[in-house]
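# Coordinates in review
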Amino acid sequence: MAGIIHGKLTTPDFVDEVRSPIPFAAEPTPIKSVWMQAPVGNVGEIYVGGAQVSFGNSPAIVKGSSKEFIFRHDAKESPGDLSDFYALFGSADDELEFLAITI
């Protein structure tokens, strides 16, 4: 049965300006889709991708914009997994809000 998960990712304290990708979920979470939004009050860009996401290998989600990923599991495609998504923040104190439809 489908469900909804929502959350907000925030930047941890940057130690010596070292930034690491932050996972969307700690446990495997099959999803149909995930929608994410960078609030207008953000300062920097946010990069979303896999565990190896970096500033150079992913398009940015800029403040005030959103991004959506949809998985067609009904067409014999594997579902997505929220734990495969990571966010890399370009600035301290920024946020990324998300809403996922689970399977």
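Per chain, residue numbering runs from 1 following the sequence as it is written. In view of the model being predicted, local features appear only for residues whose pLDDT reaches at least 70, and side-chain atom pairs are presented and counted only at 80 or more, with totals across whole chains, interfaces and linings using the full set of residues. Only hydrogens and water are removed before side-chain values are computed, so all heavy atoms of the structure are retained for them.

### Topic: the overall build of the protein chain
Heads up, the rule is: Numbering of helices and strands starts at the N terminus; helices are DSSP runs of H or I of at least 4 residues and strands are runs of E of at least 2. Partly exposed residues are those whose accessible area sits between 20% and 50% of the maximum for their type, while under 20% is buried and over 50% is exposed, using a 1.4 Å probe and protein chains only. Whether two residues are in contact is decided by their heavy atoms: any pair within 4.5 Å suffices.
What the protein chain contains, in helices and strands, is zero helices and nine strands. Listing every helix and strand of the protein chain by position from the N terminus yields β-β-β-β-β-β-β-β-β. Split into buried and exposed, the 103 residues of the protein chain put 34% on the buried side. By sequence separation, contacts in the protein chain at least 24 residues apart represent 82% of the contacts at least 6 residues apart.

### Description of the sheet that holds strand β4 (residues 46-49)
For clarity, the threshold we go by: Here the rule is simple: two strands pair whenever DSSP picks up at least two bridges between them.
An order of β2-β8-β4-β5 is seen for the four strands of this open sheet, with the pairing classed as antiparallel. The sheet is open, and its two edges are formed by β2 (22-23) and β5 (60-61), each paired on a single side. Bridging between β4 and β5 involves two bridges; their strand directions are antiparallel. Bridge pairing in β5 places Tyr 47 opposite Ala 60.

### Some words on the side chain of Asn 42
Here Asn 42 shows up in the loop between β3 (30-37) and β4. Residue classification places Asn 42 among the buried positions, given a relative accessible area of 4%.

### What about unusual backbone geometry?
Even without glycine at this site, Asp 93 takes up a positive phi of about 75 degrees. Tracing the chain through its elements places Asp 93 in the loop between β8 (86-89) and β9 (95-102). Given a relative accessible area of 71%, Asp 93 falls into the exposed group.

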